[in-house]
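# An overview of the molecular structure
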Amino acid sequence: MTDEFESLDADLQKVIAEARRPVPVDADARTRLLRALRAEPVPSRQPTVLAWLSRPQHIELRPMVSAALAAGLVGIGILSGLAINRDGRLATEQRPAVAVGQPQLPDSLAANAVKFVIAAPQASAVSLVGDFNRWDPVATPMMSQGQGGLWTVVIPLRPGIHTYSFVVDGHFVSDPAAPIAPDDGFGHRNSVVYVRKPSL
Amino acid sequence: MSDAAFVQRVLNGDADAFTQLVDRYYERCSRFAVRMLGNRDDAEDALQATFLRAYRSLGKYQERDRFSAWLYRILVNQCRSLASRRSQRERVFVREEAALLNAADRRPGWTGEDEELVQRILAELDPLLREAFVLKYIEELSYEEMSATTGVGVSALKMRVKRACDRLRAGWEHIKND
């Protein structure tokens, strides 16, 4: 840092030295902030998605509700399997319209290798961040594949629930194809991927 | 006492422990917000929103990096939101300040000891360039820390800092030659 600063010309060093000086702090503003903080409930450790999912959940369904739910799930399975577009193609042949990230398990790799895909044709840099890389935007860059603007990366993940997001040209983008986790506290909703234990 | 220890005390019910964190970071965050937003009113709004948001989200802090980096990430986002919401006003501000620079405040013999003029020089930078420049040279973050704070890749940040320096240099030459 010092070397970089020293390498700048004298005029820029003057500007930087001046800009580094502390700005006067408004005591009233600080008082208003502390008053606003006191009006807030005291925060407490929030349970993570993983903790919630790993806790036994008691779900009680009456027989009629169970039957209706089962019929509905079967219906969804049939409809999603046979959905046909207006042009006659199966829905599964359709290319993603905007941005679709989809964790997949490629056969050629280990069972806990997860492939993340996002379509971002205009992007110049895309990376993957999540609890598995301490949300470091430089740790897991994604590679552009071909002409379609698809960016992919395959990473090994331990079995369990992982929260993640894409970083497209510096902007956090959640995965529309994945379940969404609660707000991360920065006004952004992350995505969730569940990695199964490898079958023996 | 470490930042993490203060966070733990807050999460154990000691709300006043957060005041220690406010005291520790308020001045530094205030400088960043003023340099980024160009005026103290907006900077105060950004600071209020940042510390309130950090307080409300403190329960999620353990998954993040150092507290200062986590707080900075919130601050950077708040400044971006404010700048974007008030972009029209900022454009007016910059235009008016540029007009002022063309008049009496442009002093060829300026030694650099003029906080207001520095603020005006920074305000003429594109916000993304200004953000990268301020984080690098005013807040003295490493490129890796900047990347973690902004979500922008290191190479892109280096390019932004270089462009910011080029433009500041050109702006400075313009001031000196007027």
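Quantities reported herein were computed from a predicted structural model and do not represent experimental measurements.

## Comments concerning the overall build of chain A
- In terms of regular secondary structure, chain A is built from five helices and eight strands.
- The N-to-C order of helical and strand elements in chain A reads α-α-α-α-α-β-β-β-β-β-β-β-β.
- Looking at chain A as a whole, 32% of its 200 residues qualify as buried.
- At a minimum sequence separation of 6, the contacts of chain A that also span at least 24 residues come to 57%.

## Observations concerning the pairing of strand β1 (residues 113-119) of chain A
Residue and element names in this part refer to chain A.
- Within β1, six of the seven residues are buried, which leaves the element mostly enclosed by the surrounding structure.
- Where β1 meets strand β4 (residues 150-156), seven bridges bridge the pair, whose relative direction is antiparallel. Looking across to β4, one finds that V117 is bridged to T152.

## Structural notes on the packing of helix α2 (residues 17-37) of chain B against helix α3 (residues 40-56) of chain B
Residue and element names in this part refer to chain B.
- Closest axis-to-axis distance for the α2/α3 pair is 9 Å, and the angle between their directions is 140°. Judged on the interaxial angle alone, α3 and α2 are oblique. For the element pair α2 and α3, the recorded crossing hand is right-handed. Residue-level contacts link F18, L21, V22, Y25, Y26, C29, S30, A33, V34 and L37 of α2 to R40, D42, A43, A46, L47, F51, A54 and Y55 of α3.

## Focus: the interface of chain A and chain B
- The interface is formed by 46 residues belonging to chain A together with 63 residues belonging to chain B.
- At the boundary of chain A with chain B, total buried surface from both sides reaches about 5,100 Å², with 58% on carbon and sulfur atoms.
- One can count five salt bridges joining chain A with chain B.
- Run the count over chain A and chain B and you get nine residue pairs in polar contact (both at pLDDT 80 or more).
- Those elements that place two or more of their residues in the side of chain A that touches chain B are α1 (2-6), α2 (10-20) and α3 (27-38) of chain A.
- No other element matches α2 of chain A, which puts eight residues into the side of chain A that touches chain B.
- Looking at the side of chain A that touches chain B, its residues break down into 25 nonpolar, six polar and 15 charged.

## Some thoughts on the sheet that holds β1 of chain A
Residue and element names in this part refer to chain A.
- Taken together, three strands build an open sheet; the order of strands is β1-β4-β3 and the sheet is antiparallel. This sheet does not close on itself; its edge strands, each paired only once, are β1 and β3 (143-145). Neighbour-to-neighbour, the strand axes of the sheet open up by a mean angle of 35°, direction not taken into account.

## Re helix α8 (residues 143-150) of chain B
All names here are of chain B.
- Restricting attention to buried positions, one finds in α8 the residues Y143, M146, S147, T149 and T150. Along the axis of α8, the buried residues cluster in a sector spanning 165°; they form a single face.
- At the exit of α8 stands G151, carrying a positive phi of roughly 75°.

## Overview of the confidence of the model for chain A
- In this model, chain A carries an average pLDDT of 70, and 60% of its residues clear a pLDDT of 70 or more.
- Confidence drops under pLDDT 50 across residues 73-102 of chain A; counting only partners more than four residues distant or on other chains, this segment forms 31 contacts.

## Details of the state of the cysteines
All names here are of chain B.
- All chains considered together, the criterion is met by zero disulfides over all chains.
- Cysteine C29 remains unbridged, with the sulfur of C79 as its closest cysteine sulfur at 8.8 Å.
- With relative accessibility at 0%, the residue C29 sits in the buried group.

The rules behind the values
Residues numbered from 1 in each chain as written. Chains lettered and ligands numbered in written order. Predicted model: local features only at pLDDT ≥ 70, side-chain atom pairs only at ≥ 80, totals over all residues. Heavy atoms only, no water. Helix = DSSP H or I, 4+ residues; strand = E, 2+ residues; numbered from the N terminus. Buried < 20%, exposed > 50% of the residue type's maximum accessible area, 1.4 Å probe, protein only. Contact = heavy atoms within 4.5 Å. Pairing = 2+ DSSP bridges. Axes fitted to C-alpha atoms, helices over the stretch in contact; angles between N-to-C directions. Parallel < 35°, antiparallel > 145°, perpendicular 65-115°, else oblique. Left-handed = near helix turned anticlockwise from the far one by under 90°. Buried area = accessible area lost by both parts, 1.4 Å probe. Salt bridge = Lys/Arg side-chain N within 4 Å of Asp/Glu carboxyl O. Polar contact = N/O pair within 3.5 Å; in protein donor to acceptor, adjacent residues only side chain to side chain. Nonpolar A, V, L, I, M, F, W, Y, C, P; charged D, E, K, R; others polar. Arc of directions from axis to C-beta. pLDDT = per-residue confidence, 0-100. Disulfide = S-S within 2.5 Å.

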